[in-house]
Amino acid sequence: MSADLIPLLWEATLQTLYMVAASTILGTAFGLPLGVFLATSQRGELLSAPWANKVLGLVVNATRSVPFIILVVAIIPLTRAIVGTSIGTNAAIVPLTLAAIPFIARLVENAIREVDAGLIEAARAMGATPFQIIAKVLLAEARPGIALGLTLAVVSLIGYSAMVGAVGGEGLGDLGIRYGYQRFMPEVMAAVVVVLIVLVQLVQSLGERIAARFDKRAPRNRGR
Amino acid sequence: MTGNPAADAAKANVPADAAKDKAAAGAAIGFAGVGKAFDGPGGTRVHALADVTLAVEPGAICGIIGRSGAGKSTLLRMVNGLERPTSGTVTVAGRDVGRAQGAALRAIRREVGMIFQHFNLLSSRTVAGNIALPLEIAGEPAGAIRARTADLIARVGLDGLAGRYPAELSGGQKQRVGIARALATSPRVLLSDEATSALDPETTQTVLRLLADINRDLGLTILLITHEMAVVRDIASHMAVIEAGRIVESGPTYDIFTRPRHPTTRSFLGGVTGLTLPAFIAGRLLPARPDGPSEEVIRVTFAGTHATDPMLSRLAVEKGIASNILAGAIEEVGPHPFGNLLISVDADRGPEARAYLERHGLLTEVLGHVR
């Protein structure tokens, strides 16, 4: 690999990190409340709204059924309407976020459903409002599960962000395809893959450490 | 506490509702004609509770005992509105819990503490954090929460453990956290949902002692449900026996222990008193007196001041009637001793022996005959 590729690789890595970070933040901003709602709105639950729960559940499933590469192409008009263009890192954030929202919502829902129903009963017996129960009991107790879920989401988004490279996004995927594939530079492809592997490893171990820090369920995780 | 006010009312020739209102007036917790029904499979109507009337006086410890599925858990959860009655009224200090909604219901709940069989502590919060939770929910300022939490930790004997997480505590310590948390908002009523069922016998005793201390020191009314008669015996001033959604017997614990009327009560008592016949007798027991020589098997209950009198010796000395002791135990219900003895005497002298014992204030019951 020639020296002039290093800046290219560095720039592509930063672009990937930017896309992943932005779509994770936006995806969590929408996906977390959606997941909380899905976990608490079935009949007889805290925010009991069975119809809204069903409809949103269907929308989430529908979005998750669409292969990501199709989603990217299918929502180009939406992307243009929001960002003004369908090319570049900012444009890539739109489909990445749209894929992240239902994914994160389901992960959050699962983490919240793991919380012991006895804790909800105890909080209700204390006179807590539904929102107090969500904030002080459900989200607090689900933190380890949510941290692991977000780790999984970030790892998936790193993969997706490479995919948007194929359709005009930038970042590591774009670099790998343009240089490694179209210009027959296998060393660039190898470098891209190595950077992706390192990124995923870092995210995974960081996520697991954060989850363990939150998890007080077993004495071994005392964290001191 | 009134077991069957409808019957009492009928006797007094007043409407049953008036009697129910009277039973609930002034009570810390009142159930008046409470029922809970829901639609079962195949269009049937399942009655989890039916016509429950019970009044728990302020400062009392009332134990409700029943088998699993008898409805005791539903009954307890009605006191803080976790379950709603489908008929009748449930009141806490005169306020109707069953019909309270929203903020009014939450206000009642803050005056009713609850402890649980599996503690239900937040694993993500320390001991202090768990105890602070109801205060945070009530919107207390941080400074007041810190002071109150420290007081409560000392009150339940958890000094030095404020920063521990529940996973680092023993079962008994966890239940102490649960008790401190339930007391945080200074409730007038404490509900205990099988609070000692997950604990070993020794820990059970220390937790029950703590509850009794709190009852005495704070004048807190305690309603507890359990399937263990020993728990009722050890701390309850009053008790009710529930079976298939109905209260079959209720009253002061001592009276029920010494004079159980309902078969369910007797079977519960069998586990904690000398009421069960030894197997070698039970297998030979005949309901009617057989021909030829036989012995009468009698249950003798010593209550109150007679519990310590040597009555069987006096029966032998004064009447010349010898008795065989088959089983027996002297127990304490609260501070009061009482004894149960199973004896057999010559069937010819049985009526005379029973009359003598009854005359001296003991209770007798013929269980059967053996050859």
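Just so it is clear, the structure is predicted and the values come from calculations on it, not from any experiment.

Caption draft 1: A look at the overall build of chain A. From N to C terminus, chain A includes nine helices and zero strands. In sequence order, chain A lays out its α and β elements as α-α-α-α-α-α-α-α-α. For the C-alpha atoms alone, the extent of chain A along its principal axes is close to 65 × 45 × 25 Å. The buried share of chain A, reckoned over its 224 residues, is 42%. Long-range contacts, defined here as pairs at least 24 residues apart, represent 69% of the contacts in chain A between residues at least 6 apart.

Caption draft 2: Representation of the overall build of chain B within the structure. A count of helices and strands for chain B gives 14 helices and 14 strands. Expressed along its principal axes, the backbone C-alpha trace of chain B runs to roughly 80 × 50 × 40 Å. For chain B, buried positions account for 45% of its 371 residues. Partitioning the intrachain contacts of chain B with sequence separation of at least 6 by distance along the chain shows that 68% fall at a separation of at least 24.

Caption draft 3: Representation of the sheet that holds strand S4 (residues 87-92) of chain B. Residues and elements named next belong to chain B. Pairing within the open sheet is antiparallel, and its four strands lie in the order S2-S1-S4-S5. Looking at strand neighbours, the two that pair on one side only are strand S2 (45-56) and strand S5 (95-96), the edges of this open sheet. Bridge analysis of S4 against S5 gives two bridges, and the strand direction is antiparallel. Following the sheet pairing, Thr-91 is matched in S5 by Asp-96.

Caption draft 4: Fine view of the UniProt feature "transmembrane region" (unreviewed entry) in chain A. Residues and elements named next belong to chain A. Per the UniProt entry, the sites bearing "transmembrane region" (unreviewed entry) are residues 17-39, 51-76, 82-105, 146-168 and 188-207 in this numbering. The straight-line gap between the two end C-alpha atoms of residues 17-39 is 30 Å; of that span, 100% is helix and 0% is strand. Secondary structure within residues 188-207 divides into 100% helix and 0% strand; the distance between the first and last C-alpha atoms comes to 28 Å.

Caption draft 5: The environment of A:Leu138, seen in detail. All names here are of chain A. Residue position: Leu-138 is located in helix H7 (residues 130-164). Residue Leu-138 is classed as buried on the basis of its 23 C-beta neighbours within 10 Å. C-alpha of Leu-138 to C-alpha of Asp-116: the two residues are 22 residues apart in sequence and 9.1 Å apart in space. Excluding its chain neighbours within four sequence positions, the residues that come into contact with Leu-138 are Ile-112, Val-115 and Ile-133.

Caption draft 6: Layout of the UniProt feature "domain: ABC transmembrane type-1" (unreviewed entry) in chain A. Sequence positions flagged by UniProt for "domain: ABC transmembrane type-1" (unreviewed entry) are, in local numbering, residues 13-207 of chain A. Across residues 13-207 of chain A, helical content stands at 83% and strand content at 0%; the span's end C-alpha atoms are separated by 20 Å.

Caption draft 7: Local environment of helix H6 (residues 117-125) of chain A. Taken as a whole, H6(A) has its buried residues at A:Leu119, A:Ile120, A:Ala122, A:Ala123, A:Arg124 and A:Ala125. Elements that come into contact with the buried residues of H6(A) comprise H7 of chain A together with helix H4 (102-109) and strand S6 (112-116) of chain B. One or two positions beyond H6(A), positive phi appears at A:Gly127, with a value near 90 degrees.

Caption draft 8: Structural detail: the packing of helix H8 (residues 172-182) of chain A against helix H9 (residues 186-214) of chain A. Residues and elements named next belong to chain A. H9 packs onto H8 with a crossing angle of 160 degrees between their chain directions and a minimal axis gap of 7 Å. With respect to H9, the axis of H8 lies roughly antiparallel. The two elements H8 and H9 meet at a crossing, and its hand is left-handed. Each of Leu-172, Leu-175, Gly-176, Tyr-179, Gly-180 and Tyr-181 in H8 lies in contact with H9, whose residues at this interface are Pro-186, Val-188, Met-189, Val-192, Val-195 and Leu-196. In terms of residue class, the contact of H8 with H9 is made up of 10 nonpolar, two polar and no charged.

Caption draft 9: Molecular detail of the packing of H7(A) against H9(A). Residue and element names in this part refer to chain A. Two elements in contact, H7 and H9, have axes separated by 8 Å at closest approach and are oriented at 170 degrees. Put simply, H7 runs roughly antiparallel to H9. Of H9, the residues touching H7 (which contributes Arg-143, Pro-144, Ala-147, Leu-148, Leu-150, Thr-151, Val-154, Val-155, Ile-158 and Ala-162) are Leu-196, Leu-199, Val-200, Val-203, Gln-204, Gly-207, Glu-208, Ile-210, Ala-211 and Phe-214. Across the contact of H7 with H9, the residue classes break down as 15 nonpolar, three polar and two charged.

Caption draft 10: View of H7(A). Spanning 35 residues, H7(A) covers only 40 Å between terminal C-alpha atoms, well under the ideal 51 Å at 1.5 Å per step. In the structure, H7(A) departs most strongly from a straight axis at A:Arg143, where the bend amounts to approximately 60 degrees and where the proline A:Pro144 lies between one and four residues downstream.

Caption draft 11: Summary view of the interface of chain B and chain A. On the side of chain A, 21 residues touch chain B, which itself brings 21 residues to the contact. Elements that contribute at least two residues to the side of chain B that touches chain A include exactly H4, S6 and helix H5 (127-137) of chain B. In terms of residue class, the side of chain B that touches chain A is made up of 11 nonpolar, five polar and five charged.

Caption draft 12: Quick peek at the domain arrangement of chain B. Residues and elements named next belong to chain B. Assigned domains within chain B: domain 1 (58-79 + 95-111 + 187-244 + 251-270) and domain 2 (274-370). Once you take the C-alpha centre of each, domain 1 and domain 2 turn out to be 32 Å apart. Taken together, the contact pairs 10 residues of domain 1 with nine residues of domain 2. Of all the elements in the fold, those that place two or more residues in the side of domain 1 that touches domain 2 are helix H10 (253-258) and helix H11 (263-272). In terms of residue count, H10 provides more of the side of domain 1 that touches domain 2 than any other element does, four residues in total. Tallied by class, residues from the side of domain 1 that touches domain 2 come to three nonpolar, four polar and three charged.

Caption draft 13: Examining the nonpolar core more closely. Within the largest apolar cluster, 158 residues are counted, with the highest numbers of intra-cluster contacts made by B:Val79 and B:Leu223. Counting residues per element, this core draws most heavily on H7(A), which supplies 17 residues. If you count residues domain by domain, this core takes at least three from each of domain 1 (58-79 + 95-111 + 187-244 + 251-270) and domain 2 (274-370) of chain B. If we ignore the near neighbours within four places in the chain, the residues touching B:Val79 are B:Ile29, B:Val90, B:Val92, B:Val97, B:Val112, B:Val189, B:Leu191 and B:Leu223.

Caption draft 14: Broad picture of unusual backbone geometry. All names here are of chain B. The backbone of Ala-93 sits at a positive phi, close to 50 degrees, despite the residue not being glycine. Looking at where Ala-93 falls in the secondary structure, it is placed in the loop between S4 and S5. A positive phi angle is found at Ser-186, which is not glycine, with a value near 50 degrees. Tracing the backbone shows Ser-186 in the loop between helix H7 (171-183) and strand S7 (189-193). The exposed category is assigned to Ser-186, around which 11 C-beta atoms lie within 10 Å.

Caption draft 15: Main features of the pairing of S6(B). Residues and elements named next belong to chain B. Taken across its five residues, S6 has five buried, putting it largely inside the fold. Taking every second residue as pointing to the same face, both faces of S6 are buried, with Val-112, Met-114 and Phe-116 on one and Gly-113 and Ile-115 on the other. With five bridges joining them, S6 and S7 adopt parallel strand pairing. Residue pairing across strands places Met-114 opposite Leu-191, the latter belonging to S7.

The rules we used
- Residues numbered from 1 in each chain as written.
- Chains lettered and ligands numbered in written order.
- Predicted model: local features only at pLDDT ≥ 70, side-chain atom pairs only at ≥ 80, totals over all residues.
- Helix = DSSP H or I, 4+ residues; strand = E, 2+ residues; numbered from the N terminus.
- Buried ≥ 20, exposed ≤ 12 C-beta atoms within 10 Å, placed from the backbone.
- Contact = placed C-beta atoms within 7 Å.
- Pairing = 2+ DSSP bridges.
- UniProt positions renumbered as here; feature names shortened; annotations may be inferred.
- Axes fitted to C-alpha atoms, helices over the stretch in contact; angles between N-to-C directions.
- Parallel < 35°, antiparallel > 145°, perpendicular 65-115°, else oblique.
- Left-handed = near helix turned anticlockwise from the far one by under 90°.
- Nonpolar A, V, L, I, M, F, W, Y, C, P; charged D, E, K, R; others polar.
- Expected span 1.5 Å × (residues − 1).
- Bend = angle between axes of the 7 residues up to and from the residue.
- Domains from an automatic or database assignment.
- Core = buried A, V, L, I, M, F, W, Y, C linked by C-beta atoms within 7 Å.

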